[in-house]
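Summary of structural features
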Amino acid sequence: MRLFRSRSAGAWWLYAARRLLAALPILLGVTIFSFVLMRLLPGDPASYFISGPNAGPAEIQALREHLGLDRSLPEQMLIYGRELLHGELGYSLGSGQPVARDLWIRLPASLELTAVALLLALFISLPLGVAAALRPHSWIDHAARLLSTLSIAMPAFVSGILLIYLFYSKAGWVPAPAGRIDLFIGEPPRITGFLLLDSLLEHNAERFSAALAQMILPAATMALFALGPITRITRAGMLASLGSDYIRAARALGLPQSRVVYGYALRNALIPVVTTLGVVISYMLGANVLVEKVFAWPGIGSYALDAAITNDYAPVQGFILIVALLYVLLNLAIDLLYGLIDPRMIDSGTGAP
């Protein structure tokens, strides 16, 4: 048993190391692509940020030289690569601060919103998919398919505006969509950057309730975005599991319905669900940009969008690099989680016999 555990742990570490090494070319390609793409976009950041009656060609040229925009594209790329090797992402012209600092401050807001939205989507979609599979062609099955179709067809910013109109403008059930917490209450002392967790660590129920109330609509918007694919995959996986031979055998042996459904069918149906989660979460990270802008959420998505509007290169490049890194780590975590359900995945990935 001890030998098996040692070999299993070694296989996991070897698999994780290989996946991380294989991701390095992807990160390099994303870095080069984002760098070149920002330079190909129309507009000049120096001309945008130098304005006023005293602004002239000399001032604009001085800023271009300060930013290194007067150099050739290969020279700029080499300078940017050298800065990345030292852990620097450049400076934001909009905030006047290092991009790494801005992203570090704003990243918890985006991660917290994505995590809460994903938990909400799983809380709804998994039971809904199971119920739809247990009662095919019933009203709950038709409702699940209709909700899934609407979730996939409706853009995130449209559903966000609709939720604001219904639950804030008309009903008045939620606070104004303006940030992470009411300004009159104030944020808790920064420990992790996650307001809900920091409020609990502070034992401040008022701040926790205020932060949760502000998160309801943006989290519901992103949960609607993820609800469709998870519900569909859960339903399809459950239908395949319920029609398999081992489920027929389990029912023939007289096992309880709950054990057959949740102990056998659902466990095997979760394999494609876990595989799909990587794609769903990556799309949620992309949808963060528009959702954060609609709800004035101070995350990295709204930060990058504001920078893109003003042709502020460094924040956009830093945002793309951070999202790519999160995507790589996320897919590695999904693969390792998949290995918990089916250990053969890890063995095949490491070449173990």
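Definitions and limits used
- Residues numbered from 1 in each chain as written.
- Predicted model: local features only at pLDDT ≥ 70, side-chain atom pairs only at ≥ 80, totals over all residues.
- Heavy atoms only, no water.
- Helix = DSSP H or I, 4+ residues; strand = E, 2+ residues; numbered from the N terminus.
- Contact = heavy atoms within 4.5 Å.
- Phe/Tyr/Trp six-rings, centres within 6.5 Å; stacked < 30°, edge-to-face > 60°.
- Buried < 20%, exposed > 50% of the residue type's maximum accessible area, 1.4 Å probe, protein only.
- Salt bridge = Lys/Arg side-chain N within 4 Å of Asp/Glu carboxyl O.
- Core = buried A, V, L, I, M, F, W, Y, C linked by side-chain atoms within 4.5 Å.
- Expected span 1.5 Å × (residues − 1).
- Patch = residues over 30% accessible without salt bridge, like charges linked within 9 Å, V, L, I, M, F, W, Y side chains within 5 Å.
- Areas by Shrake-Rupley, 256 points an atom, 1.4 Å probe, with all protein chains shown as cover.

**Some words on the overall build of the protein chain**
Assigned secondary structure in the protein chain consists of 14 helices and zero strands. Helices (α) and strands (β) of the protein chain occur, in sequence order from the N terminus, as α-α-α-α-α-α-α-α-α-α-α-α-α-α. Of the contacts made within the protein chain by residues no fewer than 6 positions apart, 72% connect residues no fewer than 24 positions apart.

**Points about unusual backbone geometry**
The residue Ala-296 is not glycine, and still its phi comes out positive at about 50 degrees. Residue position: Ala-296 is located in the loop between α11 (257–294) and α12 (300–309).

**Observations concerning the packing of aromatic side chains**
Tallying each qualifying case throughout the model produces two aromatic pairs. Ring centres 5.5 Å apart and planes at 25 degrees place the aromatic pair Phe-35 and Tyr-80 in the stacked group. Of the two residues, Phe-35 sits in helix α1 (residues 2–40) while Tyr-80 sits in helix α4 (residues 73–85), which places them 45 residues apart along the sequence. Per residue, the accessibility class of Phe-35 equals that of Tyr-80, and both read buried. Pairing Phe-167 with Trp-173 gives two aromatic rings, centres 5.9 Å apart and planes at 40 degrees, and the pair type is tilted.

**Let's talk about the pattern of salt bridges**
Enumeration over the complete set of coordinates arrives at six salt bridges. Arg-180 is paired through a salt bridge with Glu-112; the nearest N and O atoms lie 2.6 Å apart. Pair noted here: Arg-180 is in the loop between α7 (156–170) and α8 (195–202) and Glu-112 is in helix α5 (residues 99–134), with a separation of 68 residues, a long-range link. Comparing Arg-180 with Glu-112 shows no difference in burial state: the two are buried. Shared partners join several salt bridges into a network, and the residues in it are Asp-141, Arg-145 and Arg-235.

**Considerations on the side chain of Gln-317**
On the secondary structure map, Gln-317 appears in helix α13 (residues 313–341). Take Gln-317: its relative accessible area is 2%, and that puts it in the buried class. Beyond its immediate stretch of four places on either side in the chain, Gln-317 contacts Ser-34, Phe-35, Met-38, Arg-39 and Tyr-80.

**As for the nonpolar core**
Grouped together as the largest cluster of nonpolar side chains are 34 residues, with contacts concentrated most on Leu-113, Ile-230 and Met-284. Of all elements in the fold, only α5, α7, α8, α9 (205–242), α11 and α13 reach the threshold of two or more residues within this core. Here this core takes 10 residues from α9, the largest share from any one element. Dropping the residues within four chain positions of it, Ile-230 is found in contact with Leu-118, Leu-122, Ser-125, Leu-126, Val-273, Leu-277 and Val-280. With 11 residues, the next largest nonpolar core counts Val-130, Leu-242, Ile-247 and Ala-250 among its residues.

**Regarding α4**
Since there are 3.6 residues in each turn of an α-helix, residues three or four apart along the chain are aligned in direction. Relative to the 18 Å expected for 13 residues at 1.5 Å per residue, α4 spans 18 Å between its end C-alpha atoms, a close match to the ideal helical length. Positive backbone phi, approximately 75 degrees, marks Gly-87, located one or two places after α4.

**Side note on a nonpolar patch on the surface**
Taken together, Met-154, Phe-157, Val-158, Ile-161, Leu-162, Tyr-165, Leu-166 and Leu-290 make up a surface patch of nonpolar side chains, about 670 Å² in accessible area. No other element matches α7, which puts six residues into the nonpolar patch. Along the polypeptide, Val-158 turns up in helix α7. Residue Val-158 is classed as partly exposed on the basis of its relative accessible area of 34%.

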